[in-house]
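# Structural features, examined
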Amino acid sequence: MSTRSIEVVVPPREPHYVGDGFRVHNFIPGGYRLDMKRMDPFIMLDYNSKFYFPPSDTPRGVSVHPHRGFETVTIAYHGKVAHHDSSGGGGVIAEGDVQWMTAASGILHKEYHEENFSKAGGDFQMVQLWVNLPAKDKMSAPKYQAITNDAMAKYSLADNAGTIEVIAGEYQNLKGSASTFTPVYLLNAKLNKGGKASFDFPLNFNTGLLVIEGSIRVNGEEVVPTNHFVLFENDGTSFEVEASENAVVLILSGEPLNEPIAAHGPFVMNTHQEIVQAMQDFHGGKFGELED
Ligand code: MN
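Okay, so let's go over this structure. Everything numeric in this text was worked out from a predicted model, so none of it was measured.

Parameters and conventions
- Within any chain, residue numbers begin from 1 and follow the written order of that chain's sequence.
- Per-residue local features of the predicted model are confined to residues with pLDDT of at least 70, and side-chain atom pairs are confined, for both listing and counting, to 80 or more; whole-chain, interface and lining totals are unaffected and use all residues.
- Hydrogen atoms and water are omitted, and side-chain values are computed over all heavy atoms in the structure.
- Labels follow the DSSP assignment, with helices taken as runs of H or I lasting at least four residues and strands as runs of E lasting at least two, numbered in each case from the N terminus.
- Any two strands with at least two DSSP bridges between them are considered paired.
- What counts as an axis is a line fitted to C-alpha atoms, over the stretch in contact for a helix, and the angles between N-to-C directions run from 0 to 180 degrees.
- Atoms are scored as donors when they are N, O or S and lie within 2.8 Å of the metal, with 3.2 Å used for Na, K and Ca; no water is included, so coordination may look incomplete.
- Partly exposed describes any residue whose relative accessible area lies between the buried limit of under 20% and the exposed limit of over 50%, with all areas from a 1.4 Å probe on protein chains only and scaled to the type maximum.
- Basic side-chain nitrogens of Lys or Arg form a salt bridge, by our definition, when they fall within 4 Å of a carboxyl oxygen of Asp or Glu.

### Details of unusual backbone geometry
Cis geometry is adopted by the peptide bond preceding Pro 29, which originates at Ile 28 and carries an omega value of -10°. Turning to its location among the elements, Pro 29 is positioned in the loop between strand 3 (22–28) and strand 4 (42–53). Residue Asp 40 is joined to Pro 41 through a cis peptide bond whose omega torsion reads 15°. For Asp 159, which is not glycine, the phi dihedral falls at a positive 60°. When you line up the elements, Asp 159 lands in the loop between strand 13 (153–156) and strand 14 (162–168). Its identity as a non-glycine residue notwithstanding, Asn 173 has a phi of 70°, on the positive side. In this structure, Asn 173 sits in the loop between strand 15 (170–171) and strand 16 (174–175).

### Description of the sheet that holds strand 10 (residues 107–113)
Sheet architecture is open: four strands sit in the order 5-10-7-8, paired in antiparallel fashion. A single partner strand is all that each edge strand has here, and the edge strands are strand 5 (61–67) and strand 8 (90–93). Pairs of neighbouring strands in the sheet enclose a mean axial angle of 20°, with direction left out of account. Pairing of strand 7 (residues 81–85) with strand 8, which is carried by four bridges, proceeds in the antiparallel orientation. Looking at strand 8, one finds that Val 81 is bridged to Ile 93.

### Looking at the coordination of the manganese ion
On the protein side, the manganese ion has His 65 (NE2), His 67 (NE2), His 109 (NE2) and Glu 111 (OE) as donor atoms, found 2.1 to 2.2 Å from it. All donors of the manganese ion belong to a single chain; written as a sequence motif, their spacing is H-x1-H-x41-H-x1-E. Here His 65 is found in strand 5, whereas its partner Glu 111 is found in strand 10, with 46 residues between them in sequence. Overall, Glu 111 belongs to the buried group, its relative accessible area being 9%.

### Details of the pattern of salt bridges
Summed over all chains, the structure comprises nine salt bridges. Its salt-bridge partner being Lys 286, residue Asp 281 comes within 3.9 Å of it at the nearest N-O pair. Residue Asp 281 is classed as buried on the basis of its relative accessible area, which comes to 9%. For Lys 286, a relative accessible area of 66% translates into the label exposed. Each of Glu 7, Arg 33 and Arg 38 takes part in a single network of salt bridges with overlapping partners.

Next up, the structure:
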């Protein structure tokens, strides 16, 4: 094990709205060095930092839109999201839950604040991450993995340091329940003040973390505040996180696909021709039908 050093700490950019329900800081692609290749296979990361939405009888959200060529992972920290898709599927992502949606060949869906949450109003905090699919799997069948918090693998750290929730990959041989097409680690570290945890991922895996709550010290040096993203170098395998105060940290690491990327809005393929095809299929109704 050699130490993986920090390449850069990225502050949150000015938020923008996705629809009227997701007030997000975009980190990938477009933040400092965080283009679609630098964190490959993670090609998009939108973060709704904790934000109070007042009560609304009409749920806020984003209306019908397609996806093709990748997976969307929605992690709910506060508030609830409801979704419906063109195959008749739907559900609620509640606090602490994760939804891993394989859009692959194509899905048409809408994402809204869950009705009762919307009526009551409240704090809303959420991550949406896009995980790219390798060329051979881009046109596979769509599917969902609902990973509820009570079913999530949780590793208890020694000395009351906290808990590691394993969404995908593994931690200390405890495996997460998400099945992935390529090797991906996705962990929530919930650390008590003064608690420490170390992480070790293969050298070539692109690795970062997002501080969701509290503040942390990384590798005993750099202090990283809430809502900041740490991009790690690929110069070592392991790093340590220590909670300066009670903290929640999303940790992501994945084996790069190293394939060409052709992206247009909600379509991420390998070639321009495949993007043209996706647009033709979408406009031709091949993604199905769904009302706003
Ligand atoms: Mn979507």
